[in-house]
Amino acid sequence: MSDNTERKKITVTRFVNKKAKGEKIAVLTAYDYFMARILDKAEIDSILVGDSVGMVLYGEKGTHPVTMEIMLAHVKAVTKGTSYALVIADMPFMSYQPSLKMAISNAGRFVKESAAEAVKLEGGIEMAETVKRIVECGIPVMGHIGMTPQSIHRFGGAKVQGRKEKSRQYLIESAQALEEAGAFSMVLELIQADVAQEITAAVNIPTIGIGSGKFCDGQVLVINDILGLYDIYTPKFIRHYANLPPIIEKAAKEFISDVKSGGYPNEGESFLKKE
Ligand code: KIV
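Reading the values: the criteria
- Residues numbered from 1 in each chain as written.
- Predicted model: local features only at pLDDT ≥ 70, side-chain atom pairs only at ≥ 80, totals over all residues.
- Heavy atoms only, no water.
- Near = heavy atom within 4 Å.
- Polar contact = N/O pair within 3.5 Å; in protein donor to acceptor, adjacent residues only side chain to side chain.
- Buried < 20%, exposed > 50% of the residue type's maximum accessible area, 1.4 Å probe, protein only.
- Helix = DSSP H or I, 4+ residues; strand = E, 2+ residues; numbered from the N terminus.
- Arc of directions from axis to C-beta.
- Pairing = 2+ DSSP bridges.
- Axes fitted to C-alpha atoms, helices over the stretch in contact; angles between N-to-C directions.
- Contact = heavy atoms within 4.5 Å.
- Core = buried A, V, L, I, M, F, W, Y, C linked by side-chain atoms within 4.5 Å.

Focus: the site of the ligand
Right, on to step 1. Lining the immediate environment of the ligand, one finds Thr29, Leu48, Gly50, Asp51, Ser52, Asp90, Lys120, His144, Val187, Ile210 and Val222.
Right, on to step 2. Interatomic distance of 2.9 Å between a side-chain N/O atom of Asp51 and an oxygen atom of the ligand.
Right, on to step 3. One of the side-chain N or O atoms of Ser52 is found 2.5 Å from an oxygen atom in the ligand.

Shown next as structure tokens:
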């Protein structure tokens, strides 16, 4: 922290209050204990354990194959490695859409089994009742509207949303319905920037943008994207803050060369017979 004020745990309340204070919110994804520790030390406001895990860790083409079991394991690892950031668990495809009962039960599993502090689910006005019921059970919910990847086939690809008047209206009504249902925040994904700005002004809860321009209350990116570790597809809104693959490759090459030449391990790296 830049000043001497004591660092406080980011609770849902503190996260929400940042909007009223005009403080931008920074969110990154993470999927394991050690990355969570690094991001927490960097003072990220929130860690989202996204279902993007399917693509960036498991090599899937999309998020559809991700299961509750996969998500529960990754969320558990992340909560163990986090002391300050708000940890949000992403509900995977078909873990909440089929019924309210299923949605509540799976949201509850994230809190009970993986120590998540909140869940995120995709969908607008049509998901408002689901959000309401989960919130009524005491679980904070983050909404997610715009180009929601679990519905990518319905959108016909990763297309920018809000370009047409009907889409703009649907997004604004959805944002308001999610707020009314009790969502504490919402992700705006791939929404035309002026529409994202309008949504941000229309609700009192923080909007967290990804590919939706600079007028959102905060921004979220996938950690593997910003580190250059996901090279299958790079949308224009991704900014690379590091390029790790050549660094990893160089380290691996040096190890290989040391092993082949007999340079590794040396005596100091071995357990020699005691005198
Ligand atoms: O799964 C994910 O990582 C996400 C973010 C990109 C918003 O949903």
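Moving on from the model shown.
Looking at helix α1 (residues 12-21)
Right, on to step 1. Burial in α1 covers these residues: Val12, Phe15, Lys18 and Lys19. Around the axis of α1, the buried residues are gathered within 120 degrees of arc, so they sit on the same side. Exposed side of α1, more than 90 degrees from the buried face: Thr13, Ala20 and Lys21 are the residues found there.

Here we look at the sheet that holds strand β2 (residues 46-49)
By definition, the strands of a sheet pair up through backbone hydrogen bonds, in either a parallel or an antiparallel sense.
Right, on to step 1. Spatial strand order, β1-β2-β3-β4-β5-β6-β7-β8: 8 strands in a closed barrel with parallel pairing. The average angle at which neighbouring strand axes cross in this sheet is 25 degrees, direction not considered.
Right, on to step 2. Its contacts with the sheet place α1 against β1 (25-29), β2, β3 (86-90), β5 (141-146), β6 (185-189) and β7 (207-210), and it is angled at close to 130 degrees to β1.

Section: the environment of Lys9
Right, on to step 1. Position of Lys9 among the secondary structure elements: in the segment before α1.
Right, on to step 2. Separated by 46 residues in sequence, Lys9 and Met55 have C-alpha atoms that sit 30 Å apart.
Right, on to step 3. Leaving out residues up to four positions away in the same chain, Lys9 has contacts with Arg14, Ser83, Tyr84, Ala85, Leu86 and Glu117.
Right, on to step 4. Only 3.4 Å separates the side chain of Lys9 from the backbone oxygen of Tyr84, close enough to count as a polar contact.
Right, on to step 5. Of the polar contacts made by the side chain of Lys9, one reaches the side chain of Glu117; its length is 2.8 Å.

So, the pairing of β6
Side chains on a regular strand alternate between the two faces of the sheet.
Right, on to step 1. Counting buried residues in β6 gives 5 out of 5 residues, a clear majority hidden from the surface.
Right, on to step 2. The side-chain alternation of β6 yields two buried faces, one formed by Ser185, Val187 and Glu189 and the other by Met186 and Leu188.
Right, on to step 3. Strand direction decides the pairing type here: β5 and β6, joined by 5 bridges, are parallel. Bridge pairing in β6 links Gly143 to Met186.
Right, on to step 4. In the sheet, β6 pairs with β7 via 4 bridges, with the strands oriented parallel. Pairing of Val187 across the sheet is with Ile208, part of β7.

Description of the nonpolar core
Right, on to step 1. Counting 74 residues, the largest nonpolar core has Phe15, Phe110, Ile134, Ile145 and Ile199 as its most contacted members.
Right, on to step 2. No other element matches helix α8 (residues 165-181), which puts 6 residues into this core.
Right, on to step 3. Not counting residues within four places of it along the chain, the set of residues in contact with Ile145 comprises Gly123, Gly124, Leu171, Ser174, Ala175, Leu178, Met186, Val187, Leu188, Glu189, Ile191 and Ile199.

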